[in-house]
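Chain residues, written in single-letter form:
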Amino acid sequence: MVRGISGGQKKRLTTGEMFVGPSMAFFMDEISTGLDSSTAYHIVNSIRQAVHIFKATTVISLLQPAPETYNLFDDIIFLSDGQIVYQGPLEYVLEFFESMGFRCPERKGVADFLQEVTSMKDQGQYWFHKDEPYRFVPVKEFAEAAQSFHVGIKICDELAIPFDKSKSHPAALTTSRYGVNEIELLKVCFLRELLLMKRNSFYHIFKTVQLAIMAFIMTSVFVRTKMHRNTVKDGGLYLGAMFYGLFTLLFNEFAELPMTISKLPVLYKQRDMLFFPAWAYAISTWITKIPMSFLKSGIWFVITYYIVGFDPNGGRMFRQYLLLFLVNQMASGLFQFMAFVGRDMIIANTFGSFSILVVMVLSGLLLSREKVKKWWIWGYWISPIMYAENAILVNEFLGDSWKKVTNGSTETLGVQLLKSRGIFPVGYWYWIGVGALVGYIILFNSLSILALTYLKPFGKSHVNISEEELKQKHMNRTGENFMVELSSVPSLRGKASIGFGCIEGMYGEIMRNNISTDSISDGSDAMASSQEWTKGMVLPFTPLSLCFDDIRYSIDMPEEMKAQGGKEDRLELLKGVSGAFRPGVLTALMGVTGAGKTTLMDVLAGRKTHGHIDGTISISGYPKKQATFARVSGYCEQNDIHSPQVTVYESLLYSAWLRLPSNVNPETRKTFVEEVMELIELKSLRNALVGLPGVNGLSTEQRKRLTIAVELVANPSIIFMDEPTSGLDARAAAIVMRTVRNTVDTGRTVVCTIHQPSIDIFDAFDELFLMKTGGEAIYAGPLGSHSCHLIEYFEGINGVIKIKEGYNPATWMLEATSEAQEDILGVSFAEVYKNSHLYRKNKEMIEALSSPPPGSEDLYFPTQYSQPFLTQCFACLWKQHWSYWRNPSYTAMKFIFTFFIALLIGTMFWDLGSKRANPQDLFNAMGSMYASVLFIGTNNAYSVQPVVSVERLVFYRERAAGTYSALPYAIAQILIEIPYILVQALLYGVIVYAMIAFEWTTAKFFSYMFFMYFTLLYFTYFGMMTIAMTPDNNIASVVFGAFNGTWNLFSGFFIPRASLPAWWRWYAWACPVAWTLYGLVASQFGDVHTTFEDAGASFKNQTVAEFVNDYYGYDHNFLGVVAAMTIGFTVLFAFIFAFSVKVLNFQKR
């Protein structure tokens, strides 16, 4: 959502993070991913020098090392299918394979050769014994031969001699677990937490201001001029005010869950790397939260204490402040522990909601102590909120303000109130409560330390492997033939026509013929030359050129750069860039990391959401219009963003369904998808779930191919690909680039940003657009055969180093044009280019392409989207159905949580629904309703937020691609929740209704189910709404917490509507939870005309219905309006969600 440093810079940061310590053994996995070849070379060269100087041991895995980077290594370990094929010095590896009959071609990188020579599909092209018939040599034979090779014999001899420990230096191995002493580690963790709090100050300020606003709202409800101390009923208002304060400070910390979860991946990495022990982090976060707890509880205390009118005694005043602070600290420890145990956003939210339910329901307020069942009384004694509640009430009601003795009683008013609520009326319970809260703070923080120390993150990244691939791997490894059909082996030449139709010769004047797709051959032609594909299907498209002139892109100058002396108002990232991309020409967009490649691509594709763009962009001579351009273009983003719970085939079918013209019938569409899958070699992964990157599902390479396929099934004329080979090994990169090349050969315009291309891959490009740091172009033109035009241009500049024989032109080009070389030569390559003949030629071409060809027409579509509105809705709903059905961590966890909550509340409030002896019985019954609404509804809102957040990222990509409008997505998200909430409401309602023993009549049962269903629905929609209206989970959690706290204050449970100040009664009508409790209480008790059997003098001879009407203001005859309002809130929140999705965009690009 928020773009920071580039992907390559992040990779360098990771390498630096590991290298700065005292370690002498390094294991580096794919450290060059996302880096240009020149930067990768310099990093590996620096590591090489450090290793040789410090005598360190280093093992590095690389995916696509350029020849010059590969040559920096001393030894190589070559793995294939789980076996070591060769281990030893670099200089002998080619000799080994030549002894096996395989030779590396002249212009082939050794690393690329090694990755292909053990593959069944690629091996045949390297066989050089022409006089002998070729047979496939499996990995097992290579591994056995390596043992008898002279290098393997030498290694075996070395390993056979036991190591003499007496020769090792006593300081060779570390004797301490961590780099510095434990106090220093604690200090460093503490300082980092302070820095993170400062960097995330908006969140903390927002949360604190929200708490202050809620305190002011509360004081305006419980204002002292309306608060009296004459009766027990008056004391109930003070009790409600204090309990609401405890509730707010408890719930305020619930919003910390998403932030804690988001930190866990980094914590687990650094913990496992022994940066620090888990306790150092846990204690440092605990310490940093102490001043925040003092601040938050202080704000609440200062605002509320005097205005509400609590006891004015100074000692009692500060004792309440201490108690509020301890409650906030206890809540912070509890939810941090829930985050460390849950480790997943949805699971942690569920655990958090469950823990709140247990500590609140068993606290003695929702269900008085005398009514707690004997099988739950242990829960009462372990609830931390019970101790907090007893302490704060004892502190207040044993004060001088409550010493009044009412008529007919020997006890003070305060003692009467405490006894009526089941609270212990003795002063020492305050200190018992303080001691218990301190104990719980220590307990929860200790449990957090244990959880962070011993629990591991959920999920492991794994690769989906098809049955065919398993067979091939088995054959590679053992040599046993599993009869793999040759038809499953891809054919390079034939596949160029699949899915797009053969249009050879159509664009002869603009298509380059001197670069053959064979330059990145996978060798399959040697095995399947007779298996040429003849089938094909033509989906018409219009070849389009794209030209841009003097493109400038700038953003507002960051405050950090202004603080460092930046005087400009804007920071310019692209500086007058011009160029043209044409049909049938494959263009490489290259430059060092941070040169602005992705920025330029985003600008041209219309994906930028912020900044200022100047210059002209035209499509085949007509000014670019983003709405129509999205219909004819595809954008393969660097970050492969897909819905995680759908399969590969479903992802492609969904994209084709919504992006192909509506006149393409379903059968043709499915056939087209099948052929694109064949083209991109995804058929074996047809039913594989996409999954989340780095957690489960597809591998990086498979995800890249899916990203390309998702765009190809839209049949675009212009395709942008941002680093399609990053994160892939040489062979996977060759597969992807073969796909790209085949796409270009159909007459499409394709532009790729690319890092570290091998010689073969670089040769596959037709033209190059080269950029330097600062966003300026320094070359735009043809590459020529073996990059001859590129080499000729740069070698023609005085002082530029000549390319060495066999050197990768891509690496040489980046090294020769680096900023360091500019300083040495005293030239600006951007100025050299602007003064060159090539620049003038490009300007002429841009001018020519900026004018429409005679007889041509501008792009026009009668509708903005390919499919009509209803089709978009149906397609989005279809995808959401599968996303929910395959997401048990959300759907199943919701049902499991609901089931256990139903059992919990049912057993706690067992058989209380039929008891109507006194008003306390009604309070208990209402407590069960309040608990169910509050905790299940809150859990629904919190747990849906991460689900919608993940899908929102996919939505941003799909909307930018012109797949659908915002409303069908929003409608599908709204509709898919309806059946799941219905099952949830039935599951909860039937269990609880029976166990609490409410009256079994059809009207009352269905009324109960009706209000529960729509309440859970509007809570879910409100959770979705907060995500749609805020930039991330953290802010959404805080926003929901604020509204949830306000809803509960005005729900009628803490203070009846009739007791509210006149200026707040309007909000009781605007509070959805108040309407829910109105409906539930009035439907169950509003028509009961029996009198109380065991009521005090105040309620003697009063019927249940009269009490409900007098005390709460609930009228049974008003139920129709209550039902309509409950439905109205559900519709309102759904509407605001849809509206926010449509008009708000928090993606920053």
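The structure displayed is predicted, hence computed values, not measured ones.

The rules behind the values
Residues numbered from 1 in each chain as written. Predicted model: local features only at pLDDT ≥ 70, side-chain atom pairs only at ≥ 80, totals over all residues. Heavy atoms only, no water. Helix = DSSP H or I, 4+ residues; strand = E, 2+ residues; numbered from the N terminus. Buried < 20%, exposed > 50% of the residue type's maximum accessible area, 1.4 Å probe, protein only. Contact = heavy atoms within 4.5 Å. Areas by Shrake-Rupley, 256 points an atom, 1.4 Å probe, with all protein chains shown as cover. pLDDT = per-residue confidence, 0-100. Pairing = 2+ DSSP bridges. Axes fitted to C-alpha atoms, helices over the stretch in contact; angles between N-to-C directions. Phe/Tyr/Trp six-rings, centres within 6.5 Å; stacked < 30°, edge-to-face > 60°. Lys NZ or Arg CZ within 6 Å of the ring centre and 35° of its normal. Polar contact = N/O pair within 3.5 Å; in protein donor to acceptor, adjacent residues only side chain to side chain. Patch = residues over 30% accessible without salt bridge, like charges linked within 9 Å, V, L, I, M, F, W, Y side chains within 5 Å. Salt bridge = Lys/Arg side-chain N within 4 Å of Asp/Glu carboxyl O. Expected span 1.5 Å × (residues − 1). Parallel < 35°, antiparallel > 145°, perpendicular 65-115°, else oblique. Nonpolar A, V, L, I, M, F, W, Y, C, P; charged D, E, K, R; others polar. Left-handed = near helix turned anticlockwise from the far one by under 90°.

Participant: What am I meant to see in the overall build of the protein chain here?
Facilitator: Secondary structure assignment for the protein chain yields 43 helices and 14 strands. In the protein chain, which comprises 1149 residues, the share counted as buried stands at 59%. For the protein chain, the share of sequence-separated contacts (at least 6 apart) that also reach a separation of at least 24 residues comes to 79%. Of the accessible surface of the protein chain, which amounts to about 47200 Å², a share of 60% is contributed by carbon and sulfur atoms.

Participant: Is there a simple way to think about the environment of Lys373 in this case?
Facilitator: As for its position among the elements, Lys373 is in the loop between α14 (345–361) and α15 (377–382). A sequence separation of 535 residues divides Lys373 from Met908, and the C-alpha atoms of the two residues are 6.3 Å apart.

Participant: Can you help me understand the confidence of the model for the protein chain in this one?
Facilitator: Any segment with low pLDDT has predicted coordinates that should not be analysed in fine detail. Confidence in the prediction for the protein chain averages 84 pLDDT; 90% of positions are at 70 or higher. Least confident of the elements in the protein chain is helix α20 (residues 525–528), whose mean pLDDT is 33; most confident is helix α43 (residues 1119–1143), at 95. Below a pLDDT of 50 lies the segment residues 482–537, which in the model reaches 118 contacts outside its immediate sequence neighbourhood of four places, other chains included.

Participant: It is not clear to me how the sheet that holds strand β12 (residues 749–753) should be interpreted in this structure. Could you clarify?
Facilitator: Where strands meet in a sheet, backbone hydrogen bonds hold them as pairs that are either parallel or antiparallel. Spatial strand order, β10-β11-β12-β7-β13-β14: 6 strands in an open sheet with mixed pairing. Two strands in the sheet have a free side with no partner beyond their single neighbour: β10 (633–636) and β14 (776–782). When the angles between neighbouring strand axes are averaged without regard to direction, this sheet yields 15°. Across 4 bridges, the pairing between strand β7 (residues 586–591) and β12 is parallel. Directly across from Leu586, in β12, lies its bridge partner Val750. Across the face of the sheet, helix α29 (residues 788–795) comes into contact with β13 (767–772) and β14 while running at roughly 135° to β14.

Participant: Looking at this model, I keep getting lost on the sheet that holds strand β5 (residues 546–556). Mind explaining?
Facilitator: Read across the sheet, 4 strands follow the order β6-β5-β8-β9 without closing on themselves; strand pairing throughout is antiparallel. Looking at strand neighbours, the two that pair on one side only are β6 (570–581) and β9 (622–623), the edges of this open sheet. Inspection of the sheet shows β5 paired to β6 by 8 bridges, in the antiparallel sense. Paired with Ile551 across the two strands is Val577, which belongs to β6. Strands β5, β6 and β8 (612–619) of the sheet are contacted by helix α33 (residues 837–849), whose axis makes an angle of about 75° with β6.

Participant: It is not clear to me how the packing of aromatic side chains should be interpreted in this structure. Could you clarify?
Facilitator: When we look at a pair of aromatic rings, we describe it by the centre distance and by the angle of the planes. Under the counting rule described, the total for this entry stands at 100 aromatic pairs. When the ring of Tyr1018 is compared with that of Phe1133, the centres are 6.2 Å apart and the planes differ by 70°; the resulting orientation is edge-to-face. Here Tyr1018 is found in helix α38 (residues 1002–1029), whereas its partner Phe1133 is found in helix α43, with 115 residues between them in sequence. The pair Tyr1018 / Phe1133 is uniform in exposure class, with both members buried. Arg631 extends its terminal NZ or CZ atom over the ring of Phe861, reaching a point 4.2 Å from the ring centre. Arg686 extends its terminal NZ or CZ atom over the ring of Tyr649, reaching a point 4.0 Å from the ring centre.

Participant: Just checking my understanding: could you explain the pairing of β14 for this structure?
Facilitator: The element β14 is largely enclosed, with a buried count of 6 among its 7 residues. The hairpin turn running from β13 into β14, its antiparallel successor, is 3 residues long, and Gly774 in that turn takes a positive phi close to 110°.

Participant: Can you walk me through the side chain of Ser717 in this structure?
Facilitator: Note on placement: Ser717 falls in the loop between α26 (700–712) and β11 (718–722). According to the relative accessible area criterion, Ser717 is buried, its value standing at 4%. Here Thr542 takes part through its backbone oxygen, which lies 2.6 Å from a polar atom of the side chain of Ser717.

Participant: Explanation requested: a nonpolar patch on the surface in the structure shown.
Facilitator: A surface patch of nonpolar side chains, amounting to about 510 Å² of accessible area, comprises Phe27, Val59, Ile77, Leu79 and Ile84. Note that Ile84 resides in strand β4 (residues 83–89). For Ile84, a relative accessible area of 40% gives the class partly exposed.

Participant: Whenever I open this one, α43 confuses me. Can you help?
Facilitator: Under the 1.5 Å per step criterion, the end-to-end length of α43 is 36 Å for 25 residues, consistent within 8% with the ideal 36 Å. Within α43, burial applies to Leu1119, Val1122, Ala1123, Thr1126, Phe1129, Thr1130, Phe1133, Ala1134, Phe1137, Ala1138, Ser1140 and Val1141. Along its buried surface, α43 packs onto α36 (919–960), α37 (966–996), α38, α39 (1033–1049), α40 (1065–1070) and α41 (1072–1085).

Participant: I keep staring at the packing of α38 against α41 and nothing clicks. Help me out?
Facilitator: Helices that pack against each other are described as a pair by the angle of their axes relative to one another and the distance between those axes. In the contact formed by α38 and α41, the axes pass within 9 Å of each other and the chain directions differ by 170°. By the angle between their axes, α38 is roughly antiparallel relative to α41. For the pair α38 and α41, contact is made by Lys1004, Ser1007, Tyr1008, Phe1011, Met1012, Thr1015, Tyr1018 and Phe1019 and by Pro1072, Val1073, Thr1076, Gly1079, Leu1080, Ser1083, Gln1084 and Phe1085, respectively. Considered class by class, the residues forming the contact of α38 with α41 number 9 nonpolar, 6 polar and 1 charged.

Participant: Explanation requested: the packing of α38 against α43 in the structure shown.
Facilitator: Axis separation between α38 and α43 bottoms out at 8 Å; the angle between their running directions is 25°. By the angle between their axes, α38 is roughly parallel relative to α43. For the pair α38 and α43, the sense of crossing is left-handed. By residue class, the composition of the contact of α38 with α43 is 21 nonpolar, 4 polar and no charged.

Participant: Just checking my understanding: could you explain the pairing of strand β1 (residues 25–29) for this structure?
Facilitator: Sheet faces and side chains relate simply in a regular strand, where the side chains alternate between the two faces. Residues Phe26 and Met28 line the buried face of β1, whereas the alternating positions Ala25, Phe27 and Asp29 sit on a face that is not buried. As paired strands, β1 and strand β2 (residues 57–61) are joined by 5 bridges and run parallel to one another. Of the residues in β2, the one forming a bridge with Phe26 is Thr58.

Participant: What is the right way to look at the pattern of salt bridges in this model?
Facilitator: Close approach of charged atoms allows side chains of opposite charge to pair. Following the criterion strictly, the structure yields 34 salt bridges and no others. Across the salt bridge formed by Glu17 and Lys269, the nearest N and O atoms sit 2.5 Å from each other. One end of the pair, Glu17, is in helix α1 (residues 7–19); the other, Lys269, is in helix α11 (residues 256–272), with 252 residues separating them in the sequence. With its nearest N and O atoms 2.3 Å apart, the salt bridge here joins Lys419 to Glu411. For Glu411, a relative accessible area of 26% translates into the label partly exposed. Here the residues in one salt-bridge network are Arg659, Glu711, Lys879, Arg957 and Glu958, joined through shared partners.

Participant: What is the right way to look at the side chain of Gln1084 in this model?
Facilitator: Here Gln1084 lies in helix α41. Within the structure, Gln1084 has its side chain in polar contact with the side chain of Tyr993 (distance 3.4 Å). Setting aside chain neighbours within four positions, we find Gln1084 in contact with Arg916, Met929, Tyr993, Phe998, Glu999, Lys1004 and Tyr1008.

Participant: Would you take a moment to explain unusual backbone geometry for this structure?
Facilitator: Trans is the prevailing form of peptide bonds, just as negative phi is the prevailing case for residues other than glycine. Although it is not a glycine, Arg343 sits at a positive phi angle of roughly 60°. Inspection of the secondary structure puts Arg343 in the loop between α13 (314–342) and α14. For Asp911, which is not a glycine, the phi torsion comes out positive at approximately 60°. One can find Asp911 in the loop between α35 (891–908) and α36.

Participant: Help me out: how do you make sense of the environment of Leu783 in this one?
Facilitator: By the secondary structure assignment, Leu783 is in the loop between β14 and α29. The exposure class assigned to Leu783 is buried, which follows from its relative accessible area of 0%. Through-space distance from the C-alpha of Leu783 to that of Thr587 is 9.5 Å; in sequence the pair is 196 residues apart.

Participant: Is there a simple way to think about helix α2 (residues 37–54) in this case?
Facilitator: Side chains that are three or four residues apart share a direction in an α-helix, a result of its 3.6 residues per turn. With 18 residues, α2 should reach 26 Å at 1.5 Å per residue; the first-to-last C-alpha distance of 26 Å fits that figure. Within α2 the residues assigned to the buried category are Ser37, Ser38, Thr39, Ala40, Tyr41, Ile43, Val44, Asn45, Ile47, Ala50 and Val51. Looking one or two places after α2, you find Lys55, whose phi comes out positive at around 60°.

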